[in-house]
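# Chain and residue survey
Residues per chain are reported as follows:
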Amino acid sequence: DTAVSQTPKYLVTQMGNDKSIKCEQNLGHDTMYWYKQDSKKFLKIMFSYNNKELIINETVPNRFSPKSPDKAHLNLHINSLELGDSAVYFCASSRTGAYSYGYTFGSGTRLTVV
Amino acid sequence: SQKIEQNSEALNIQEGKTATLTCNYTNYSPAYLQWYRQDPGRGPVFLLLIRENEKEKRKERLKVTFDTTLKQSLFHITASQPADSATYLCALGNFGNEKLTFGTGTRLTIIP
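Given the structure is predicted, the values throughout are model-derived calculations rather than measurements.

### Description of the overall build of chain A
Within chain A one finds 0 helices and 11 strands. Ordered by position from the N terminus, the helices and strands of chain A form the series β-β-β-β-β-β-β-β-β-β-β. For 114 residues, the compact-globule estimate of 2.2 N^0.38 gives 13 Å, and the C-alpha radius of gyration of chain A, at 13 Å, lies within 12% of that figure. If one aligns the C-alpha atoms of chain A with their principal axes, the spans along those axes are about 40 × 25 × 25 Å. Expressed as a percentage of the 114 residues in chain A, the buried residues total 44%.

Below you can see the structure in the form of C-alpha cells.
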C-alpha cells in the first residue's frame with residue numbers, strides 16, 4: 001500500500017536512553033517532516049527535509065537529530081531521553097509546494113519515557 | 001506571536017444537522033489554509049485546502065470558507081453522521097515555506 005509508515009508504533013524507554021524512530025514514504029514526495037503532538041493534542045513542527053536537505057529546524061533541543069539518507073526516508077534519533085519527551089511523534093510527507101497539496105501523515109509513534 | 005484558535009475544544013451535534021467548526025488566527029497572514037481529520041490513535045488525514053484568494057471550497061458534504069478580513073475559516077459538515085465524529089484540525093501556511101502551523105483542534109461528536 002502507498003503510505004507513510006513509521007516504526008515503532010509504541011516505544012517505552014527509560015530516562016537517559018537513546019532511541020530512534022524510522023519513517024519511510026513510497027508516495028514519491030519530495031518533502032518530509034517530523035511533528036510532535038503533546039498530551040493536549042497540539043501538533044508542532046520539529047523538522048522538515050526537502051530532497052535530503054534540512055529546510056526547517058524549529059527550536060528543538062540538540063538531543064533530537066533528524067537524518068534523511070534519501071528522499072523516501074526520514075529518521076529521528078533522540079539522545080538522553082527526558083520525561084518531557086513523552087509524546088506522539090508523527091512523520092509526514094508532501095509534494096513540494098504544500099500550498100497545493102496536503103500532507104500525508106504516518107500513524108504516529110507513541111514515545112513514553114519513564 | 002502567531003496564534004491559531006479553534007472555537008471550542010469539543011462540539012456535540014445531532015445526527016443529520018450541519019456541524020460548523022471555526023478556526024481563527026491572529027498575527028498571521030496565511031496564503032492558504034488546510035483542514036484535517038484525526039481519529040484516536042491515528043495520524044491526521046488531509047481533507048480540504050483553500051487559498052487566500054478563494055472564498056469557498058466544497059467536497060461532497062464538506063464546505064470550507066476563508067475570510068482574510070475576519071482572519072477566520074469556517075468548516076461545515078452537512079447531513080452529519082456518527083462516522084464524522086473525530087478531531088478536526090485547521091492548519092495555515094505560506095508560499096515558499098514548507099511549514100504548516102496547526103490549530104488546537106476541535107473534537108466533534110455526532111450524536112445519533
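That shown, we press on.
### Focus: the pattern of salt bridges
Where charged atoms from two side chains of opposite charge approach closely, those side chains can pair. Taken as a whole and judged by the stated rule, the model has 9 salt bridges over all chains. The salt bridge partner of E82 of chain A is R63 of chain A, with a shortest N-O separation of 3.5 Å. Of the two residues, E82 of chain A is situated in the loop between β8 (73-78) and β9 (87-94) and R63 of chain A in the loop between β6 (53-57) and β7 (64-70); the sequence distance between them amounts to 19 residues. The partly exposed category is assigned to E82 of chain A, whose relative accessible area is 42%. The class of R63 of chain A is buried, set by a relative accessible area of 15%. With its nearest N and O atoms 3.1 Å apart, the salt bridge here joins R37 of chain B to D39 of chain B. Since its relative accessible area comes to 26%, D39 of chain B is described here as partly exposed. Taken together, the shared-partner salt bridges connect R63, E82 and D85 of chain A into one network.

### Section: the environment of S73 of chain B
All names here are of chain B. Considering the arrangement of structural elements, one finds S73 in strand β8 (residues 72-77). For S73, a relative accessible area of 0% corresponds to the buried category. Taking C-alpha positions, S73 is 14 Å from S8, a pair spaced 65 residues apart along the chain. In this structure, S73 is in contact with L21, T22, C23, L33, W35, V64, T65 and F66, ignoring residues within four places of it in sequence. Within the structure, S73 has its side chain in polar contact with the backbone oxygen of T65 (distance 2.8 Å).

### Considering the interface of chain A and chain B
On the side of chain B, 20 residues touch chain A, which itself brings 26 residues to the contact. Taken together, the connections running from chain A to chain B amount to 1 salt bridge. Here E58 of chain A ties to K99 of chain B by a salt bridge, and the two come within 3.4 Å at their closest N and O atoms. Taken together, chain A and chain B are joined by 6 residue pairs in polar contact (both at pLDDT 80 or more). Looking at the side of chain A that touches chain B, the elements with two or more residues in it are β4 (31-37), β5 (43-50), β6 and β9 of chain A.

### Thoughts on the nonpolar core
Among soluble globular proteins, nonpolar side chains are generally buried collectively. By size, the foremost hydrophobic cluster in this structure holds 24 residues, and its most contacted members are L21, W35, F75, Y88, L92 and L108 of chain B. Looking at this core, the elements with two or more residues in it are β2 (10-14), β3 (19-26), β4 (32-38), β5 (45-51), β7 (62-67), β8, β9 (86-94) and β11 (106-111) of chain B. Not counting the four nearest positions on each side in its chain, L108 of chain B is found in contact with L11, I13, A19, L21, I77, D84, S85, A86 and Y88 of chain B. In terms of nonpolar packing, the next biggest core, distinct from the first, is built from 20 residues, M32, Y49, F64 and L74 of chain A among them.

### Considering the pairing of strand β2 (residues 10-13) of chain A
Residues and elements named next belong to chain A. Along β2, the buried face is formed by L11 and T13; none of Y10 and V12, which line the opposite face, is buried. In the sheet, β2 pairs with strand β11 (residues 109-113) via 4 bridges, with the strands oriented parallel. Residue Y10 lies in a different strand from β11, and its bridge partner there is R110.

### Considering the sheet that holds β3 of chain B
Residues and elements named next belong to chain B. Within the open sheet, the 5 strands sit side by side as β1-β3-β8-β7-β6. Their pairing is antiparallel. Strand pairing shows two members of the sheet lacking a second neighbour, β1 (3-6) and β6 (56-59), which therefore form its edges. Within the sheet, the average angular offset between the axes of one strand and its neighbour, ignoring direction, is 15°. In this structure, β7 lies alongside β8, joined through 6 bridges in antiparallel fashion.

Reading the values: the criteria
Residues numbered from 1 in each chain as written. Chains lettered and ligands numbered in written order. Predicted model: local features only at pLDDT ≥ 70, side-chain atom pairs only at ≥ 80, totals over all residues. Heavy atoms only, no water. Helix = DSSP H or I, 4+ residues; strand = E, 2+ residues; numbered from the N terminus. Rg over C-alpha atoms; globule rule 2.2 N^0.38 Å. Buried < 20%, exposed > 50% of the residue type's maximum accessible area, 1.4 Å probe, protein only. Salt bridge = Lys/Arg side-chain N within 4 Å of Asp/Glu carboxyl O. Contact = heavy atoms within 4.5 Å. Polar contact = N/O pair within 3.5 Å; in protein donor to acceptor, adjacent residues only side chain to side chain. Core = buried A, V, L, I, M, F, W, Y, C linked by side-chain atoms within 4.5 Å. Pairing = 2+ DSSP bridges. Axes fitted to C-alpha atoms, helices over the stretch in contact; angles between N-to-C directions.

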